[in-house]
Amino acid sequence: MRKRELVGAIAQEVGLQPREVAKVVDALLGRLADELLETRRLEISDFGVFHVQELKERRLYVPKRKETIVIPARRAVKFREVGELRERLNPQSVAGDKS
């Protein structure tokens, strides 16, 4: 689903104009990004946890070129589902399973 589709679906569900919903979605996404940059962790109850992970520099051999390239260190956002979202994604799993 793309952002435009998300905005349209939310607008239809709550009965607001898509332009108004787009402002809210933009504000939400901006705030989420700011929070990740500031604290490096964002937890939304019954949905999931976003966190920034440091990835080390690594070397990769490219057989076709017969050379080694360096992939620089970088940060990446990781997500782990929790609570209700996890249960909805995996309804057959054991209720006590926390993995």
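Here's what I pulled together on the structure shown here. (Residues numbered from 1 in each chain as written. Predicted model: local features only at pLDDT ≥ 70, side-chain atom pairs only at ≥ 80, totals over all residues. Heavy atoms only, no water.)

The grouping of Met1, Leu6, Ile10, Val14 and Leu16 at the surface amounts to a nonpolar patch, some 470 Å² of accessible area in total. Counting through the fold element by element, Leu6 comes out in helix α1 (residues 3–14). Overall, Leu6 belongs to the partly exposed group, its relative accessible area being 34%. (Patch = residues over 30% accessible without salt bridge, like charges linked within 9 Å, V, L, I, M, F, W, Y side chains within 5 Å. Areas by Shrake-Rupley, 256 points an atom, 1.4 Å probe, with all protein chains shown as cover. Salt bridge = Lys/Arg side-chain N within 4 Å of Asp/Glu carboxyl O. Helix = DSSP H or I, 4+ residues; strand = E, 2+ residues; numbered from the N terminus. Buried < 20%, exposed > 50% of the residue type's maximum accessible area, 1.4 Å probe, protein only.)

In the structure shown here, the tally under the stated rule is 2 aromatic pairs. An angle of 50° between the planes, with centres 5.6 Å apart, marks the rings of Phe47 and Phe79 as tilted. Highlighted residues: Phe47 in the loop between β1 (41–44) and β2 (48–55) and Phe79 in strand β5 (residues 74–81), separated in sequence by 32 residues. The class of Phe47 is partly exposed, set by a relative accessible area of 36%. For Phe79, a relative accessible area of 38% puts it in the partly exposed group. Here Phe50 and Phe79 contribute two aromatic rings whose centre-to-centre distance is 4.7 Å and whose plane-to-plane angle is 45°, an arrangement assigned as tilted. Of this pair, Phe50 sits in strand β2 while Phe79 is found in strand β5, placing the two residues 29 residues apart along the sequence. Every member of this aromatic cluster is reached through a ring pair, and the members are Phe47, Phe50 and Phe79. (Phe/Tyr/Trp six-rings, centres within 6.5 Å; stacked < 30°, edge-to-face > 60°.)

In space, the 3 strands of this open sheet follow the order β1-β2-β5, with antiparallel pairing throughout. Since the sheet does not close on itself, it has two edges, and those belong to β1 and β5, each with one partner. For this sheet, the mean angle separating the axes of adjacent strands, direction not counted, is 20°. In the sheet, β2 pairs with β5 via 8 bridges, with the strands oriented antiparallel. Counted as the bridge partner of Phe50 is Phe79 from β5. Along the sheet, helix α2 (residues 18–39) contacts β1, β2 and β5; its crossing angle with β1, the most-contacted strand, is approximately 130°. (Pairing = 2+ DSSP bridges. Axes fitted to C-alpha atoms, helices over the stretch in contact; angles between N-to-C directions. Contact = heavy atoms within 4.5 Å.)

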